[in-house]
Amino acid sequence: MPNSSLESLGSTSFANRTVVMSGGSRGIGLAIARALAERGANIVLLAKTDTPDPRLPGTIHTAVAEIESVGGKAVGVIGDLRNADDIARAVDTAVETFGGVDICVNNASVLNQSKTADLPLKRFDLMQGVNVRGTFALTQACLPHLEKSPAAQVLTLSPPLNMAPEWLGKFPGYMLAKYGMTLLALGFAAEFAEQGIASNCLWPETTIATAAVQNLLGGEEGTIHARDPQIMADAAALVLSRPTSETGQCLIDSAVLTDAGVADLSIYGGQDPLDYDFFIDV
């Protein structure tokens, strides 16, 4: 993992701010949690991975250990984002352990690239349940505590609403699940604006070198042309440090960083030609 580019931009502090995140056992979510914890944030993860999976590195326990290894404070709550009681338990843990919730990160997501004729309804329901319902349910549960925060933020890892026929028709079930997350995030921004709660989306320009890319999108070759998860972590830290008046935006990681003065994105790896992520037009 490369060193954070934010070191060259000055210190971004999240001291005394508490983050509740869905997922986060590995990949982009863990990178974001670690980046925020390094800058002082308290982290509460709600994730299902209690025991190791041979196909996927890391569990909620190893994620907490990794965050603590960089000096952060973290609590893992084992649970299912589709279960309202598990969500309530994660939010209650944040309040009881750290005194509140300042940031809600909707990270957990299910990917399925099946065409309409090939997508079992059970898998369709899983995507909508985790991606859309989970985003709504976690944000809703955090809302009473976000309303009390002086710097409340909701960050949803979902794409810009690209209405090009290619993306509408590539895999409609997955498209609906991801665009649903984005529509909710934009809806939250409009609904919560007068309460001073920011809500934005963040999406990678390129594929990110995670287990999902390796297992589902291209194997080892796919990860060679993908950037490191740290690019999303650094971009998320920048977005979450902005004033809450900056809300209702669909942001791309590379643009966030270049706008902040990071001139060289090669520190995040990825051999040319880089693979662009879904819903991004080259």
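You'll find the structure just up there.
Fair warning: this is a prediction, and the values are worked out from it, not measured in the lab.

(A) Molecular detail of the overall build of the protein chain. Broken down by element type, the protein chain carries nine helices and seven strands. A compact globule built from 282 residues would reach a C-alpha radius of gyration of about 19 Å, and the protein chain, at 17 Å, matches this within 12%. Principal axes of the C-alpha set define a box for the protein chain whose edges measure 45 × 45 × 40 Å. Carbon and sulfur atoms make up 53% of the accessible area of the protein chain, which totals about 12,100 Å². Side-chain charges in the protein chain split into 18 positive and 31 negative, and the spacing between the mean points of these groups amounts to 6 Å.

(B) View of the packing of helix H1 (residues 27-38) against helix H2 (residues 60-69). In the contact formed by H1 and H2, the axes pass within 9 Å of each other and the chain directions differ by 30°. The orientation of H1 with respect to H2, classified from their angle, is roughly parallel. Once H1 is placed against H2, the crossing between them reads as right-handed. Of H2, the residues touching H1 (which contributes Leu30, Ala33, Arg34 and Ala37) are Ala63, Glu66 and Ile67. Looking at side-chain class alone, the contact of H1 with H2 contains five nonpolar, no polar and two charged residues.

(C) Region of interest: the packing of aromatic side chains. Enumeration according to the criterion identifies twelve aromatic pairs in this entry. Pairing Phe136 with Phe188 gives two aromatic rings, centres 6.4 Å apart and planes at 40°, and the pair type is tilted. Of this pair, Phe136 sits in helix H4 (residues 121-146) while Phe188 sits in helix H6 (residues 172-192), and the two are 52 residues apart along the sequence. Here Phe136 falls in the partly exposed class, since its relative accessible area comes to 39%. Aromatic pair Phe188 and Phe192: ring centres 5.6 Å apart, planes at 5°, arrangement stacked. Placement of both Phe188 and Phe192 in helix H6 is noted, with a separation of four residues, approximately one turn of the helix. Judged by relative accessible area, which is 3%, Phe192 ranks as buried. Taken together through their ring pairs, the aromatic side chains of Trp167, Phe171, Tyr174, Tyr179, Trp203, Phe278 and Phe279 make up a single cluster.

(D) Inspection of H2 at higher detail. When we look at burial in H2, the residues that qualify are Ile60, Ala63, Val64 and Ile67. For H2, the buried positions fall inside an angular range of 100° around the axis, keeping them on one side. At its buried positions, H2 is contacted by H1, strand S2 (42-47) and strand S3 (73-78). Taken from the residues just after H2, Gly71 is the one with a positive phi, measuring 90°.

(E) Quick look at the nonpolar core. Residues Ile32, Leu36, Ile43, Leu45, Ile67, Leu202 and Leu257 are the most contacted members of the largest nonpolar core, which totals 41 residues. Counting residues per element, the ones that place at least two in this core are strand S1 (18-22), H1, S2, H2, strand S4 (103-106), helix H8 (230-240) and helix H9 (253-259). With nine residues, H8 is the largest single contributor of residues to this core. By size, the runner-up hydrophobic cluster in this structure holds 39 residues, among which are Leu138, Leu146, Ala152 and Phe188.

(F) Examining the pairing of S4 more closely. Covered by surrounding structure in S4 are Ile103 and Val105 together with Cys104 and Asn106, the residues of both alternating faces. Two elements, S4 and strand S5 (residues 153-156), share four bridges in a ladder whose sense is parallel. Looking at S5, one finds that Asn106 is bridged to Thr156.

(G) Main features of unusual backbone geometry. Here the bond from Asp272 into Pro273 is cis, since omega is -5°, no more than 30 degrees from zero. Along the polypeptide, Pro273 turns up in the segment after H9. The backbone of Asn16 sits at a positive phi, close to 70°, despite the residue not being glycine. By secondary structure assignment, the location of Asn16 is in the segment before S1.

Parameters at a glance
Residues numbered from 1 in each chain as written. Predicted model: local features only at pLDDT ≥ 70, side-chain atom pairs only at ≥ 80, totals over all residues. Heavy atoms only, no water. Helix = DSSP H or I, 4+ residues; strand = E, 2+ residues; numbered from the N terminus. Rg over C-alpha atoms; globule rule 2.2 N^0.38 Å. Areas by Shrake-Rupley, 256 points an atom, 1.4 Å probe, with all protein chains shown as cover. Lys, Arg positive; Asp, Glu negative; His and termini not counted. Charge placed at Lys NZ, Arg CZ, Asp CG, Glu CD. Axes fitted to C-alpha atoms, helices over the stretch in contact; angles between N-to-C directions. Parallel < 35°, antiparallel > 145°, perpendicular 65-115°, else oblique. Left-handed = near helix turned anticlockwise from the far one by under 90°. Contact = heavy atoms within 4.5 Å. Nonpolar A, V, L, I, M, F, W, Y, C, P; charged D, E, K, R; others polar. Phe/Tyr/Trp six-rings, centres within 6.5 Å; stacked < 30°, edge-to-face > 60°. Buried < 20%, exposed > 50% of the residue type's maximum accessible area, 1.4 Å probe, protein only. Arc of directions from axis to C-beta. Core = buried A, V, L, I, M, F, W, Y, C linked by side-chain atoms within 4.5 Å. Pairing = 2+ DSSP bridges.

These figures come from the coordinates and say nothing about function on their own.
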